[in-house]
Amino acid sequence: MQTTFSLAQLADPHVAEAEKILRKCVHCGFCTATCPTYVTLGNELDSPRGRIYLIKDMLENGRPADEEIVTHIDRCLSCLACMTTCPSGVHYMHLVDHARAHIQQTYRRPLIDRAIRALLAQVLPYPARFRAALKLASFGRPFAPLFARVKGLRPLAAMLAMAPRSVPAASPVSKPATHAATAQRRGRVALLTGCAQSVLDPAINEATVRLLTRLGVEVVVPQGEGCCGALVHHMGREEAALTAARNNVDAWTREVERGGLDAIVITASGCGTTIKDYGFMLRLDPAYAGKAARVSALAKDVTEYLASIQLPEPALEPGLAVAYHSACSMQHGQKITRQPKDLLKRAGFDVREPKEGHLCCGSAGTYNILQPEIAGKLRSRKVANIEATGAPLVATGNIGCMTQIGGGTRLPVVHTVELLDWAYGGPRPEGVGAVP
Ligand code: SF4
Ligand code: SF4
């Protein structure tokens, strides 16, 4: 695609990067067929190609964002299916990230929208605040139908509907500690315990620590690590995202210097996609660029790490059929497609792949709160495809998908690592006992 940026515009490294990406697009439109919002809404402006044109026009003309572009960029899930499909290697993720930051800097959203976004940014990344908010949600739940009738308040209704009725107790595994290997030691990793995940489903980190230590891997939960920054990053809050990234780069670099790390293990693929991008996000910061690139290179999804070490024979072969849902951040963001399925098969599960596996379930960070109508349609489509497999159980590798899919089906939805822990000698995951 031809571009007409001036030399002065290109002096801004963010614009120069956007221009490089834009020039790769050849307008072929292959990406439209796999874009969940285009498939759902049928509007070219809600397709990757349409959004690329809108972003190009805004940046080339040095314009502030307007309502039209905000509408169509807000509807983008950042699922990155378009990047998997694109034959020209267009890095849509970096382009839309830049567009979101530009929107945040140049567009004044309506008051309610601003308030809801500020609330999400101030609560979700902080486990103590998030836990308190979930407890408060039980008082607000009766008002959800009322909020759902007012367009601007629908995100509040979505939040209340999604809040679990009981919040699991905080897990000791989320606290900084070193968990020693219980078999002959063969590795040392840091574990990102995460923010929302550690509150919503602490069993995921507990299963990870049990499984890895049993396999001879020392697991460190480093002092000072926090939210990866993905939630605020996807809202265009660049400074907050970079602060979160720097904080984690410091925490993990200290750990590398203290005892060495073979990997930084991540159990939420949404976080993994962002941490693997820290090197890019902090490339312009001379104090952090090198350290961030090293951290990104060490970041591994838990299934990626498990696939890289020799596993023993499973302790039991559950023989259960499992519908495996590949999160967008897993398959499109990190291009991890084979390892989770191979590990589950090796552990004795009958892995079934739902149709339209490339389409997002509608979770996408805070998308199911901020765009509840589109997210609801995508969830119904995803659940229908999952249930059509006939499997009595769903496995996936991202807490957002677990919450989203779990809200639309009666099937138990568990994390892949919980099934692996079970097969290799751990306890049966909660809920799986109900499988016929
Ligand atoms: S990231 Fe997903 S929703 Fe956004 S344009 Fe690409 S395919 Fe469409
Ligand atoms: S598939 Fe790639 S090159 Fe073709 S329109 Fe989409 S982004 Fe552009």
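Note that the coordinates shown come from a computational prediction; the quantities given were computed from them, not determined experimentally. All residue numbers here refer to positions counted from 1 along the written sequence of the relevant chain. Here the convention is simple: chains get letters from A, ligands get numbers from 1, in the order in which they are written. Side-chain atom pairs in this predicted model are given and counted only at pLDDT of 80 or more, local residue features only at pLDDT of at least 70, and totals for whole chains, interfaces and linings cover all residues.

Student: In this structure, what is going on with the site of ligand 1? I would like to understand it.
Tutor: Only the C-beta atom, placed from the backbone, is used; a residue is near a molecule or strand if that atom lies within 6 Å of it. Taken together, 13 residues are adjacent to ligand 1, and Cys35, Pro48, Cys76, Cys79 and Cys82 come closest. Mapped onto the shell around ligand 1, the elements with two or more residues apiece are α3 (36-41), α4 (48-60) and α6 (81-85). Three categories are distinguished: nonpolar for Ala, Val, Leu, Ile, Met, Phe, Trp, Tyr, Cys and Pro, charged for Asp, Glu, Lys and Arg, and polar for the others, with Gly belonging to the last. Among the residues making up the shell around ligand 1, the classes are represented as 10 nonpolar, two polar and one charged. Segments assigned H or I by DSSP are reported as helices when at least four residues long, segments assigned E as strands when at least two residues long, and all are numbered from the N terminus.

Student: Quick question: what am I supposed to make of the site of ligand 2 here?
Tutor: Lining the immediate environment of ligand 2, one finds 15 residues, of which Cys25, Cys28, Cys31, Cys86 and Val90 sit closest. The set of elements that each furnish at least two residues to the shell around ligand 2 consists of α4 and α6. Element by element, the count of residues in the shell around ligand 2 is highest for α4, at three residues.

Student: Help me out: how do you make sense of the sheet that holds strand β2 (residues 187-192) in this one?
Tutor: Where strands meet in a sheet, backbone hydrogen bonds hold them as pairs that are either parallel or antiparallel. Paired strands, in this sense, are two strands between which DSSP finds at least two bridges. On the basis of which strands lie adjacent, the open sheet formed by five strands has the order β1-β3-β2-β4-β5 and mixed pairing. With one partner strand each, in any of the chains shown, β1 (177-179) and β5 (299-301) form the two edges of the open sheet. Shown here is a sheet whose adjacent strand axes are inclined to one another by a mean of 30 degrees, direction ignored. Here strand β4 (residues 263-266) pairs with β5 via three bridges, running parallel. Note on β5: the bridge partner recorded for Ile264 is Ala299. Contact between two residues is assigned whenever their backbone-derived C-beta positions fall within 7 Å. All axes here are fitted lines through C-alpha atoms, helices being fitted over the stretch that makes contact, and every angle between N-to-C directions spans 0 to 180 degrees. Those strands touched by helix α13 (residues 203-214) are β1, β2, β3 (217-221) and β4, and its axis lies near 145 degrees from that of β3.

Student: Explanation requested: helix α23 (residues 372-387) in the structure shown.
Tutor: Since the α-helix advances by 3.6 residues per turn, residues separated by three or four positions end up pointing in the same direction. Here α23 contains 16 residues, and its C-alpha end-to-end distance of 22 Å stays within 8% of the 22 Å for a straight helix at 1.5 Å per residue. Listed in full, the buried residues belonging to α23 are Pro372, Ile374, Ala375, Leu378, Arg379, Arg381, Lys382, Val383 and Ile386. Of the surrounding elements, those touching the buried residues of α23 are α3, α11 (154-162), β6 (321-325), α22 (367-370), β8 (394-396) and α24 (399-406). Residue count minus one, scaled by 1.5 Å, sets the expected span of a helix. Neighbour density around each residue's C-beta defines its exposure: 20 or more other C-beta atoms within 10 Å make it buried, 12 or fewer make it exposed, and counts between make it partly exposed, where C-beta atoms are placed from the backbone.

Student: Got a minute to help me understand unusual backbone geometry in this structure?
Tutor: Glycine aside, residues mostly have negative phi, and peptide bonds are mostly found in the trans state. Unlike most non-glycine residues, Leu80 shows phi in positive territory, near 70 degrees. Following the sequence through the fold, Leu80 ends up in the loop between α5 (67-74) and α6. For Leu80, a count of 24 C-beta atoms within 10 Å corresponds to the buried category. Residue Glu356 is not a glycine yet carries a positive backbone phi of 55 degrees. Relative to the helices and strands, Glu356 resides in the loop between β7 (350-352) and α22. Given 13 C-beta atoms within a 10 Å radius, Glu356 is considered partly exposed.

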